[in-house]
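One-letter residues, chain by chain:
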Amino acid sequence: MPTVREPAAPRLARLRPPRPSAPPGAARAPSGDRRRPWPYLLVAPAVLGMLYLLLYPLARAVLISFQDFRLRELISGDAKFVGLANYRTLLTDPRFWTVVRRTFLFMAVNVVLIMVIALLVALMTERLGKVWRAFVLSSLVLAWAMPVVAATTVFQWLFHSEFGVVNWALTSLGAESFERYPWFANGTAAYAILVTLVVWQSVPFAAITLYSALTTVPAELHESARIDGAGPWRILRSVTFPSIRPIAMLVLCLEVIWTFKAFVQIWVMTKGGPGDATTILPVYAVQTALSSQRYDLGSAASMITVVLMSGVLMLYLRQMLRQENES
């Protein structure tokens, strides 16, 4: 008998619910907020104030760096335009290039120590229990929240030649040569104290940020690496660090800025002394402007500092973007 096929059931098309029609007298709302100026008007005072506070001093410093601007011009306001004469004076000064080399050395030493110690502290914090982790993070936050001038004053008293705790501790341990030792009269010792101070102030921020990045690394990656036989160093180099590399590069850029413009600590503690042992570019600019009343040379030194710092940051940002594109 011939088989009779039943006709296939028609496919039901998905019916979209009809859109509710607007009332006849209702006006259409404008598409987006582009036609409404109120958000921009509300933000405009804050934006204009920020631009004034940031751009006006920069533009003023650039203008002064091209003028003959000393104490008389500061009072009278009549400054003569001299072009690149101030920059030529700085670039032909051997002391300026000595300060530039010392600035880059100061930045490199501080940034390396900060990144290494911060990464070790972040790795240690990740492996602690809940109570100890909270204690370490709270201690880091408190150290980070201490004002710069207060921390610098504490370090001054720690290394005071007569009443300092460091001299007392070293003398108690048998090092009689450190009795009333003048730390800040020795250029190498003062430089080391400033490096210790800057590192101590910078590690909390870097460690907390790197610890936050470590918490985002999936535990399955570490477990798979251990199953494959990778050791702790190989896991850190091949699994952990590639996962937190963008955050680490960001922290590195911020620390470069922080150490490059470390002025308050040096000025409060040593004012660039003894001699020029702790003078870096920001301190050199202030010394030039205040000691000899050469505000034009001080502004030119500040502009060179901005250019050098921007160049260093551009190298790091370019490397960071290249790594992101490769990943």
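Residues numbered from 1 in each chain as written. Predicted model: local features only at pLDDT ≥ 70, side-chain atom pairs only at ≥ 80, totals over all residues. Heavy atoms only, no water.

(A) Representation of helix α1 (residues 38–65). The end-to-end C-alpha separation of α1 is 40 Å, in line with the 40 Å expected for 28 residues at 1.5 Å each. What α1 keeps buried is the set A61, I64 and S65. (Helix = DSSP H or I, 4+ residues; strand = E, 2+ residues; numbered from the N terminus. Expected span 1.5 Å × (residues − 1). Buried < 20%, exposed > 50% of the residue type's maximum accessible area, 1.4 Å probe, protein only.)

(B) Summary view of helix α5 (residues 130–145). If you check α5, its first and last C-alpha atoms are 22 Å apart, about what 16 residues at 1.5 Å a residue would give, namely 22 Å. Buried residues along α5 sit against α4 (94–127) and α8 (187–214). (Contact = heavy atoms within 4.5 Å.)

(C) Representation of the nonpolar core within the structure. L90, F96 and F106 are the most contacted members of the largest nonpolar core, which has 64 residues in total. Top element by residues in this core is α8. It accounts for 16 residues. (Core = buried A, V, L, I, M, F, W, Y, C linked by side-chain atoms within 4.5 Å.)

(D) Summary view of the pattern of salt bridges. Summed over all chains, the structure comprises six salt bridges. For the salt bridge of D68 with R70, the shortest nitrogen-to-oxygen distance reads 3.2 Å. Exposure remark for D68: the relative accessible area of 23% places this residue in the partly exposed category. R70 sits in the partly exposed class, given a relative accessible area of 37%. Between R127 and E126 there is a salt bridge, with its nearest N and O atoms 3.5 Å apart. What makes E126 partly exposed here is its relative accessible area of 27%. (Salt bridge = Lys/Arg side-chain N within 4 Å of Asp/Glu carboxyl O.)

(E) Seen up close, the packing of α4 against helix α12 (residues 281–291). Closest axis-to-axis distance for the α4/α12 pair is 9 Å, and the angle between their directions is 145°. For the pair α4 and α12, the contacting residues are R95, F96, V99, V100 and T103 in the first and L281, Y284 and Q287 in the second. Considering only residue class, the contact of α4 with α12 consists of five nonpolar, two polar and one charged. (Axes fitted to C-alpha atoms, helices over the stretch in contact; angles between N-to-C directions. Nonpolar A, V, L, I, M, F, W, Y, C, P; charged D, E, K, R; others polar.)

(F) Up close: the environment of P274. For P274, the position within the fold is in the loop between α11 (264–269) and α12. Here P274 falls in the partly exposed class, since its relative accessible area comes to 28%. A C-alpha to C-alpha distance of 5.9 Å links P274 and A185, two positions 89 residues apart in sequence. When neighbours within four sequence positions are excluded, P274 is seen to be in contact with F184, A185, N186, G187 and A190.

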